[in-house]
Amino acid sequence: MEALIEEIKQHLIDALNLEDMTTADIDADAPLFGDGLGLDSIDALEIILLVERNYGIKIDNTAATRPVFKSVRSLAEYVAKNRK
Amino acid sequence: MNNQKLIYLGADCLMTACGDRAQTYAALEAGVSGLKQDSALGMIAGRIPDCPSVEGCTKLEALLVSAIRTVCREAGIDAADPGLGIVLSTTKGNIELLSGAILAEGDVAEQIPQRAFLGSTASKIQEILGLAQQPLVISNACISGVSAFVVGRRLILSGRCTRVIVAGCDTLSRFIATGFESFKSVSLKPCKPFDAERDGLSIGEACGAVLLTTEASEALAPAVLLEGGAVSDDANHISGPSRTGDGLFFAIDNAMRQAGVDASQIGFVNTHGTGTAYNDEMESKAVTLAGLQDKPLNSLKGYFGHTFGAAGVIETLACAEEIRRLKVYGTAGFSTLGVPCPINVSSESVAIETGRCVKTASGFGGCNAAVVLALASLGDYPSDEATIAEMETIASYSLDNGDQPFAEYIREQYRTLGDANMKFFKMSDLAKTAYIAAENLLRGHDLHADYEERDIAIILSNRSSSLDDDALHQRNIDHLEGASPAVFVYTLPNVAAGEVCIRNKFKGDNTFFIEDAPSSLCEDYTRYLLTRGHAKAVIWGWCEQLGNNCKAELKLSITK
């Protein structure tokens, strides 16, 4: 799980242009949206794409899947459970 | 009575998914949608059934040339008339030409074909029609068409033109289709504006043109006036509309003030109504803020789809027809209201008593626009646009990366500002250029201390529109992993102005012109806004970026 968390952090930095950030700067349990990393709705769409492209998992952007986007850890847990 | 010039809508021309002018109005009358499953794009779309062809022209140019020719012929005016101005509204112009031209790697700036530049389209149209003046191009996202009416009206009121043809066009492309798909905002079914089950927009193509003139035409009775128009920004988010509807409300409110009317004098409202969850929700709030929630209200996107740069033109023309017939067309696709504020939408057409409407549009970059149209026979004429102030320029700032690589230059500039805005590095290079120039220009000026948010405007122009980012999107869809929402959202030049508005909470007019080189256009337009009371502070000037080069020359002017 920790390796997957590191990997997802790096994908986020690359896909979202988190300039000057390293994986060590991202707290796996901090909220992705709002206060934490300060991501927005466009970033959410980019995260959906990166999960689809890297792990072959399609996530619908609905209320039911919202908890998946809570933090890097919740995202990694979802990927671990659903990856093909 | 005052000395205000009255602006009439003259001869017009329409080409939509429903057909030509007569076929389009017959379809609106009968409630028949032109949206169909489009085999080329693999989605529902509104495609013009029979496009005209003109030798040496692309599809987009041929549509515009034919529409402008029709208007000149029917109005009996000479295209070469030196007093005739043409305002072109398009978001993407000849964007199809990027397909095949943009390669998997290399400097995109060297791969963009000359004819993909909007100025090249304007020159082509000028050459074929023999126009005295080169058309003025507005590329202001989805408000472009309504914005073109606002600008066209001001060109006449300022005396710059004696009459103006407003022409709008965008054509279907993989570019637009893939972009909106990546945004998850395309519905699998024909769009359902304001409906409880709406789940996205339908894309479309269309072309429309109309003469704005100070002379009423007997052939077009009853005469319809363009009484007022205004543009605003909600300064909320580049792709997410305001949660309160305040930005659109400011545009509606300013347009109604110019028309000299209040809500009781409005007969109906034609909204943008795209069928996306957030747009329609925001519009219901703005219309309610303006006190128009009980008026019959419709969206025409269910007939033509969202036709981008054409939308504001063809929908405003449909409004004029509704005013002449005293009838509001039904909203195709609508059955059950699903927006937070109770507004008066109907799937069936409704008779009205007052021949006056508010037409709105909203778009990426947070921009909003509204115009007021009315039967001339109503007689309560617009308020005078008198000169009430002088303009004073109080700051200027220029930047130019010269020979330094853009990425290195702009990073250095950002570091010098010393702020920490996480959003900066996600912006397109054009938006970064505008952001850095505006931050430096505004240093030491606290505009909010002296002015309301809605009185601070931004008027920009450039040559390359958003072609740098457009080429990146084309590369993504042709050669890389597919469309990226973060790239696609910046494929509109005014989004760069939107970033400045968001950063600084500026909610006044914002207009983005495309011109071959810096001219007096932005300054003249700024002077009009400031001296006629439409803004109290304006950030204006040139903001260009393509490939490795950026150049901005911004000024800050205020009323004196």
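Each value, and the rule that gives it
- Positions within a chain are numbered from 1, following the residues in the order the chain's sequence is written.
- The order in which chains are written sets their letters, starting at A; the order in which ligands are written sets their numbers, starting at 1.
- pLDDT decides what is reported in this predicted model: residues at 70 or higher carry local features, side-chain atom pairs at 80 or more are listed and counted, and totals for whole chains, interfaces and linings draw on all residues regardless.
- Only hydrogens and water are set aside when side-chain values are computed; all heavy atoms of the structure are taken into account.
- Here, strands pair whenever DSSP counts at least two bridges between them.
- Counting from the N terminus, the helices are DSSP H or I runs at least four residues long and the strands are E runs at least two residues long.
- Pairs of residues are marked as contacts when any of their non-hydrogen atoms sit within 4.5 Å.
- Buried area: the accessible area, evaluated with a 1.4 Å probe, that two parts lose upon being put together, summed over both parts.
- A pair is scored as a salt bridge if a Lys or Arg side-chain nitrogen falls within 4 Å of a carboxyl oxygen belonging to Asp or Glu.
- Any pair of N or O atoms that falls within 3.5 Å is considered a polar contact. Within protein, one atom must be able to donate a hydrogen and the other to accept it, and sequence-neighbouring residues count only if both atoms are side-chain atoms.
- Grid points spaced at 1 Å and placed over the protein atoms alone form the basis of the search, with a cavity being a set where a 1.4 Å probe fits but cannot get out and a pocket an open set showing protein on both sides within 12 Å along at least five of seven lines. Lining residues have an atom within 4 Å of a point.
- Grid points are joined across faces, edges and corners, and a volume is the space filled by probe spheres set on the points.
- Polar here means any residue outside two lists: the nonpolar Ala, Val, Leu, Ile, Met, Phe, Trp, Tyr, Cys and Pro, and the charged Asp, Glu, Lys and Arg; Gly therefore counts as polar.
- Only C-alpha atoms enter the line fits that serve as axes; for helices the fit covers just the stretch in contact. Angles between N-to-C directions range over 0 to 180 degrees.
- Every angle not falling under 35 degrees, over 145, or within 65 to 115 is termed oblique; those three ranges are roughly parallel, roughly antiparallel and roughly perpendicular.
- Helix crossings fall into two classes, left-handed where the near helix is turned counterclockwise from the far one by less than a right angle and right-handed where it is turned clockwise.
- Helix span is expected to be 1.5 Å times the residue number reduced by one.
- Each residue gets one of three labels from its accessible area relative to the maximum for its type: buried under 20%, exposed over 50%, partly exposed in between, using a 1.4 Å probe on protein chains only.
- Domain boundaries shown here were taken from an automatic or database domain assignment.
- The disulfide definition used here is simple: a pair of cysteine sulfur atoms within 2.5 Å.

## Considerations on the sheet that holds strand S3 (residues 43-46) of chain B
Sheet strands associate in pairs through backbone hydrogen bonding, adopting either a parallel or an antiparallel arrangement. Residues and elements named next belong to chain B. If you walk across this open sheet you meet the three strands as S2-S3-S7, and the pairing is mixed. The open sheet has two edge strands, strand S2 (36-38) and strand S7 (203-204), and neither has a second partner. Direction of pairing for S3 relative to S7: parallel, over a ladder of two bridges. Residue pairing for S7: Ala45 is matched across the bridge by Ile203.

## Let's talk about the interface of chain B and chain A
At the junction of the two partners, chain B supplies 20 residues and chain A supplies 18 residues. Of the roughly 1500 Å² buried between chain B and chain A, counting both surfaces, carbon and sulfur atoms make up 52%. Broken down residue by residue, the surface that chain B buries against chain A is led by Met422, Phe425 and Lys426 of chain B, which jointly contribute 33%. Between the two partners, chain B and chain A, sit four salt bridges. Between Asp43 of chain A and Lys426 of chain B there is a salt bridge, with the nearest N and O atoms lying 2.9 Å from each other. At the boundary of chain B with chain A, the tally comes to seven residue pairs in polar contact (both at pLDDT 80 or more). The set of elements that each furnish at least two residues to the side of chain B that touches chain A consists of helix H11 (406-417) and helix H15 (485-488) of chain B. Ranked by residues supplied to the side of chain B that touches chain A, first place goes to H15 of chain B with three residues.

## Quick notes on the layout of surface pockets
Residue and element names in this part refer to chain A. Estimates place the volume of the second largest pocket at around 750 Å³. Here the element with the most residues in the lining of the second largest pocket is helix H2 (residues 41-55); it accounts for six residues. Considered class by class, the residues forming the lining of the second largest pocket number 12 nonpolar, eight polar and 12 charged.

## What to know about the packing of helix H2 (residues 59-75) of chain B against helix H4 (residues 118-129) of chain B
Residues and elements named next belong to chain B. For the pair H2 and H4, the least separation of the axes is 10 Å and the interaxial angle reads 45 degrees. Considering the angle they form, H2 stands oblique to H4. Crossing handedness for the pair H2 and H4: right-handed. The segment H2 lies against H4, with Leu60, Glu61, Leu64, Val65, Ile68 and Arg69 engaging Thr121, Lys124, Ile125, Ile128 and Leu129. The residue makeup of the contact of H2 with H4, split by class, is seven nonpolar, one polar and three charged.

## Considerations on helix H14 (residues 467-478) of chain B
Residue and element names in this part refer to chain B. In a regular helix each residue adds 1.5 Å, so 12 residues correspond to 16 Å; H14 covers 16 Å between its end C-alpha atoms and thus fits that length. Of all 12 residues making up H14, 10 are buried, and the element is well covered by its neighbours. Along H14, the residues that are buried comprise Leu467, Asp468, Asp469, Asp470, Ala471, His473, Gln474, Arg475, Asn476 and Ile477. Buried positions along H14 lie against helix H3 (108-111), helix H6 (174-182), helix H12 (429-442), H15 and strand S20 (537-546).

## Focus on the environment of Ser347 of chain B
All names here are of chain B. Among the structural elements, Ser347 can be located in the loop between strand S13 (344-345) and strand S14 (350-351). Linking Ser347 and Pro190, residues 157 residues apart in sequence, is a C-alpha distance of 14 Å. Not counting the four nearest positions on each side in its chain, Ser347 is found in contact with Gly330, Thr331 and Phe334.

## Comments concerning the packing of helix H1 (residues 2-15) of chain A against helix H3 (residues 72-82) of chain A
All names here are of chain A. Between H1 and H3, the least distance of the axes is 9 Å, while the angle of their chain directions is 115 degrees. Of the possible angle classes, the one that applies to H1 and H3 is roughly perpendicular. Every pair of crossing elements has a handedness; the one defined by H1 and H3 is right-handed. On H3, the residues that touch Glu2, Leu4, Ile5, Ile8, Lys9 and Leu12 of H1 are Val72, Arg73, Leu75, Ala76, Val79 and Ala80. Looking at the contact of H1 with H3 residue by residue, the classes come out as nine nonpolar, no polar and three charged.

## Topic: the domain arrangement of chain B
Residue and element names in this part refer to chain B. Along its sequence, chain B is organised into domain 1 (8-378) and domain 2 (391-559). In this structure, domain 1 and domain 2 have C-alpha centres spaced 24 Å apart. Facing the 62 residues of domain 1 at the interface are 51 residues of domain 2. The largest contributions to the domain 1 side of the interface with domain 2 come from Arg154, Phe175 and Ile238, which together make up 14% of the buried area. Taken together, the links from domain 1 to domain 2 amount to six salt bridges. Asp246 is the salt-bridge partner of Lys507, the closest N and O atoms lying 2.6 Å from each other. Applying the counting rule to domain 1 against domain 2 returns 30 residue pairs in polar contact (both at pLDDT 80 or more). Of all elements in the fold, only H3, H4, strand S5 (136-138), helix H5 (144-157), H6, strand S9 (224-233) and helix H7 (246-259) reach the threshold of two or more residues within the side of domain 1 that touches domain 2. Within the side of domain 1 that touches domain 2, the residues separate by chemical class into 29 nonpolar, 22 polar and 11 charged.

## Structural notes on the pattern of salt bridges
Scanning all chains against the criterion turns up 39 salt bridges over all chains. Taking the shortest distance from any N to any O, the salt bridge between Asp40 of chain A and Lys423 of chain B comes out at 3.6 Å. Taken together, the residues span two chains, with Asp40 of chain A in the loop between H1 and H2 and Lys423 of chain B in the loop between H11 and H12. We classify Asp40 of chain A as buried; its relative accessible area is 15%. When its relative accessible area of 31% is taken as the criterion, Lys423 of chain B is described as partly exposed.

## Focus on empty space enclosed by the protein
Residue and element names in this part refer to chain B. Under the criterion given, the structure shown has six cavities of 30 Å³ or more. Volume-wise, the largest cavity comes out at about 80 Å³. Lining of the largest cavity is provided by Thr91, Lys92, Ala141, Cys142, Phe175, Ile176, Phe180, Phe308, Phe364, Phe488, Thr491 and Leu492. A total of three residues in the lining of the largest cavity trace back to one element, the largest contributor, which is H6. Each of two domains, domain 1 (8-378) and domain 2 (391-559), supplies a minimum of three residues to the lining of the largest cavity.

## Quick notes on the state of the cysteines
Residues and elements named next belong to chain B. Tallied over the full model, the rule gives zero disulfides over all chains. Among the cysteines around Cys501, which has no disulfide bond, Cys367 carries the closest sulfur, lying 9.3 Å off. Free of any disulfide, Cys522 has its nearest cysteine sulfur in Cys543, 10 Å distant. Under the relative-accessibility criterion, Cys522 is labelled buried at 3%.

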